[in-house]
Every structure is written in C-alpha cells, then in structure tokens.
Amino acid sequence: MSSYLSHRRRAFAAPTGDFGNASRDFDSAVPDYLNVADGAWIPTGAQTWMCWLKAETLLNAAVYNHNVGTGNNRSVAITAFADTSISAFVSENGTNNVSFSSNATSSTGVYSTGTWVHVALVFTPNTATNGLELFIDGVSAATDSTVGLDAVYDSTYDIGIGANGLGQAPFNGKIADCRIYDAVLTAANIADIVAGDAFSETNLIGWWLRNTDDLDDYAAVPHDATEGAGSSSAFDTDGPLD
C-alpha cells in the first residue's frame, strides 16, 4: 500500500466485481500486454487516464497509453521509468516535438518495487497552468502547459496496457483499475478514487482490470481488452486497496 493511502484511506472492502482488490500480472519477458481496439470513442479533447501499478522490476515501461512512436502515432501515455520517476505525456500531432506536445514528469522516488502506486494523467486543452497534470497517489506531482494544444492526436494504434499497442516497452509487475474519463477530473475526484471512499461513473468511458478475472470493459458502452500477440497475463488477487 502506498504511504499516501496509509494516511488517508478508511477501511474499505469493495464488493465482488468492483475495484481495488485484484490486479493483472504482466511479465515483461514474454512480453505480456493488453490491447483495447482503437476507435472514435477514444477522446481527443479533455480527458483523464488513471491506473494502479506495482512494479516488480524497474524498467522504462509504457504502463498505460494510446501512444506508438512508429509512424508518429503518439497521443497519450503514462510511462514509468527505471530511475523511479513517472511521466504523463500528450501529443497534438503524433510526434514528440516539444512544440506540439506536453510532458509532465515527476521527480525520482515516486514509486518503488513491491509497492502499489496510483497514477493519473489529466489533460485540459490550451491551458497555461496545469494544462497537463500528473497525480501520484492523489497528489499533484508535475504539471506542464498545454497552450497551443487544442486536442491530442487521434492515434490509429490500439490502446496498450502493460506496454504500448505493439507490445513495446513492456512493464514488469501488476496493474489494476485502469480508467479513462472524457472529462477533467478534479484533484478531489482523484483523491477520492485513490482512497477508495468514492468513485464516479460520470464521463467514465473505459474501465478495465477490476476485481473479476476478465478483460471486460465495465463502462456504459464497453470496449473489452484482449491479450496482445503472444501475451498471457495472469489474474492476481493482490490489489491496491487490500
């Protein structure tokens, strides 16, 4: 459990089929990863992405993203680095050119092996202050301007969980409770989700890796995940809110 949770969460037992008491285990050597098919439902405007991660090995890993460098198909990415920093990234034109992208990277030491940490990326278009904001365990950890970025690039590759959509830059460890909202969640919204005290389904358009052994999407209009090529990720009863 993260140090942040130990201070602010109340006793919480999620009902069966809900979130926080299970995860998916990804082996980077395979590599294990999940795909969610690309489609018009993936937002390009204001949005929030979030998930829990528990690293077993420190790697430069594409944890949760709609972001492939091949053919300049970068869009949105949460990346964990071997130096124990985490970044939130968005691109307007598919490249990583600083004139068309925004990157909010935390300091080092925000995560470690064997410990659950919650990560959230919040994108507000064309905003000077906190246009892109990275939250670690419900607390703002880094920000960047999005002035000039009216939308993120509409990548044609699939969403990747545990690696990018092609299985590149795999993560080694466990991931849980992956969500996408097509709206800007507030700091209070995110802190509530992290604490397990409350969660919102308003504007929730993608929700995978809950407490059940499946790859189903529990949003109102589902877009189920599938195992990537050669992947065999495993259900695990280890969860961040246990």
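Caption draft 1: Representation of the packing of aromatic side chains within the structure. Inspection of every chain in the model, using the stated rule, returns three aromatic pairs. One cation-aromatic arrangement involves Arg179 over Phe19; the distance from NZ or CZ to the ring centre is 4.7 Å.

Caption draft 2: Expanded view of the nonpolar core. Ranked by size, the top nonpolar core spans 41 residues in total, and within it Tyr64, Ile161 and Trp208 carry the most contacts. Core analysis: the second largest hydrophobic core is formed by 16 residues, Met50, Phe135, Trp207 and Leu241 among them.

Caption draft 3: Molecular detail of the environment of Thr226. Relative to the assigned elements, Thr226 resides in strand β14 (residues 225-227). Classification of Thr226 by relative accessible area gives partly exposed; the value is 44%. Measuring from C-alpha to C-alpha, the distance between Thr226 and Asn35 comes to 5.4 Å, with 191 residues separating the pair along the chain. Once residues within four sequence positions are removed from consideration, Thr226 is found in contact with Tyr33, Leu34, Asn35 and Leu215.

Caption draft 4: Spatial organisation of the pattern of salt bridges. Scanning the model with the defined rule gives six salt bridges in all. Of the charged contacts in the structure, one is a salt bridge between Lys174 and Asp238, with a shortest N-O distance of 3.2 Å. Pair noted here: Lys174 is in strand β12 (residues 173-181) and Asp238 is in the segment after β15 (234-236), with a separation of 64 residues, a long-range link. Across the pair, Asp238 and Lys174 agree in class, each one buried. Of the charged contacts, one joins Asp177 and Arg179 as a salt bridge, the two residues approaching to 2.9 Å between their closest N and O atoms. When sorted by exposure, Asp177 lands in the same class as Arg179, which is buried.

Caption draft 5: Expanded view of the sheet that holds β14. Pairing is antiparallel in the open sheet, where seven strands are placed in the order β7-β6-β5-β4-β11-β2-β14. With one partner strand each, in any of the chains shown, β7 (101-105) and β14 form the two edges of the open sheet. The mean inter-strand angle of the sheet, taken between neighbouring strand axes irrespective of direction, is 15 degrees. As judged from the two bridges shared by strand β4 (residues 61-68) and strand β11 (residues 159-161), these two strands associate in the antiparallel manner. Note on β11: the bridge partner recorded for Tyr64 is Ile161.

What counts, and at which threshold
Residues numbered from 1 in each chain as written. Predicted model: local features only at pLDDT ≥ 70, side-chain atom pairs only at ≥ 80, totals over all residues. Heavy atoms only, no water. Phe/Tyr/Trp six-rings, centres within 6.5 Å; stacked < 30°, edge-to-face > 60°. Lys NZ or Arg CZ within 6 Å of the ring centre and 35° of its normal. Core = buried A, V, L, I, M, F, W, Y, C linked by side-chain atoms within 4.5 Å. Buried < 20%, exposed > 50% of the residue type's maximum accessible area, 1.4 Å probe, protein only. Helix = DSSP H or I, 4+ residues; strand = E, 2+ residues; numbered from the N terminus. Contact = heavy atoms within 4.5 Å. Salt bridge = Lys/Arg side-chain N within 4 Å of Asp/Glu carboxyl O. Pairing = 2+ DSSP bridges. Axes fitted to C-alpha atoms, helices over the stretch in contact; angles between N-to-C directions.

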